[in-house]
Amino acid sequence: KRQEQQPARHAEAYLGWLDTRRAKTQRLAVDAALANADHDVGAEALDRLIAQGELTEPVRVAAFFADYASQLQNETPRRAAALYRKASMLLRDQDRERSAALHAEALAVEASLEDLPRTGRLMLIDRALEVRDDAELRASRAALASAPAFEAASIGRIRLWAGAGLITAVLLACGLLGGPM
C-alpha cells in the first residue's frame, strides 16, 4: 500500500516545489515593479503579473495602485479611477472594508470628470454614497443636483440651430411646392 502512495507523494512534492518557485519569482517581480522610480512602468509590470494569474501578494500591489492613484487624481482622474478600481478588486477577498472604500473613491473620482453627462455623474455619486456616506460626497451631489441642467450658451446654440433648420425647411417646402420659376 505504501508503494501505491509514493507517486502521489512525489507529485505533491513536485507541485509544492513549483508553487514555491512561482511565488518566489512573482515576489521578485513585484519587488522590482514597486522599486521602479517610474510608477507608470511599475504599474504596467504589475498589470502583466495580474494578467498571468493569481497574485501571491495582492495587498502590496493594491497598496501601490491606491497610492499611485491618489498621486494622479488631480492630473489624470480617469487613470486614477481605474487604479482605484483595480486596487479595490485586488482587496475584495482580503479586506472588504478597504476594498469598498477604494471602490467609492473610484466612483467619486469618475464623478468629477467634466465630460460625463450630469445624470451619469449623479448616478456615480449616488453609488459612491451607498458604499461610503461622506459629507464631501453629499455636498458635491447637492451642488451637482442644483446646477442648471443646460448651460445658457448651449441653449442659445440649440435655439440658433433650430431656427436655421426651420428657415431651411420653409424655403425647401416653398421651392418644392412652387415648382420651377
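Computed from a predicted structure; not experimentally measured.

Reading the values: the criteria
Residues numbered from 1 in each chain as written. Predicted model: local features only at pLDDT ≥ 70, side-chain atom pairs only at ≥ 80, totals over all residues. Heavy atoms only, no water. Helix = DSSP H or I, 4+ residues; strand = E, 2+ residues; numbered from the N terminus. Expected span 1.5 Å × (residues − 1). Buried < 20%, exposed > 50% of the residue type's maximum accessible area, 1.4 Å probe, protein only. Arc of directions from axis to C-beta. Polar contact = N/O pair within 3.5 Å; in protein donor to acceptor, adjacent residues only side chain to side chain. Salt bridge = Lys/Arg side-chain N within 4 Å of Asp/Glu carboxyl O. Axes fitted to C-alpha atoms, helices over the stretch in contact; angles between N-to-C directions. Parallel < 35°, antiparallel > 145°, perpendicular 65-115°, else oblique. Left-handed = near helix turned anticlockwise from the far one by under 90°. Contact = heavy atoms within 4.5 Å. Nonpolar A, V, L, I, M, F, W, Y, C, P; charged D, E, K, R; others polar.

With respect to helix H2 (residues 39-52)
Okay, so step 1: With 14 residues, H2 ought to run about 20 Å at 1.5 Å a step, and its terminal C-alpha atoms sit 20 Å apart, in line with that.
Okay, so step 2: Here H2 has its buried residues at Gly42, Ala43, Ala45, Leu46 and Leu49. Projection of H2 onto a plane perpendicular to its axis shows the buried side chains occupying an angular sector of 160°, all on one side. Turned more than 90 degrees off the buried face of H2, the exposed positions are Arg48 and Ala51.
Okay, so step 3: Regarding H2, its N-cap is Asp38, as a side-chain oxygen of that residue lies 3.1 Å from the backbone nitrogen of Asp40 further along.

Focus on the pattern of salt bridges
Should the charged atoms of two oppositely charged side chains come close, the side chains can pair.
Okay, so step 1: This model, assessed by the stated rule, comprises ten salt bridges.
Okay, so step 2: Residue Arg141 is joined to Asp126 by a salt bridge in which the shortest nitrogen-to-oxygen separation is 2.4 Å. Taken together, the residues Arg141 in helix H7 (residues 135-146) and Asp126 in helix H6 (residues 118-131) connect sequence positions 15 residues apart.
Okay, so step 3: What makes Asp126 partly exposed here is its relative accessible area of 29%.
Okay, so step 4: The residue Asp133 makes a salt bridge to Arg138 at a minimum N-O spacing of 2.6 Å.

Here's the deal with the packing of helix H5 (residues 96-111) against H6
Okay, so step 1: Closest axis-to-axis distance for the H5/H6 pair is 8 Å, and the angle between their directions is 160°. Considering their axes alone, H5 and H6 lie roughly antiparallel with respect to each other. When you trace H5 past H6, the crossing you get is left-handed. Facing H5, whose interface residues are Ala100, His103, Ala104, Leu107, Ala108, Glu110 and Ala111, H6 presents Arg121, Leu124, Ile125, Arg127, Ala128 and Val131.
Okay, so step 2: Taken together, the residues of the contact of H5 with H6 sort by class into nine nonpolar, one polar and three charged.

Section: the environment of Val109
Okay, so step 1: Looking at where Val109 falls in the secondary structure, it is placed in helix H5.
Okay, so step 2: The spacing of Val109 and Arg78 is 31 residues in sequence and 7.6 Å in space, taken between C-alpha atoms.

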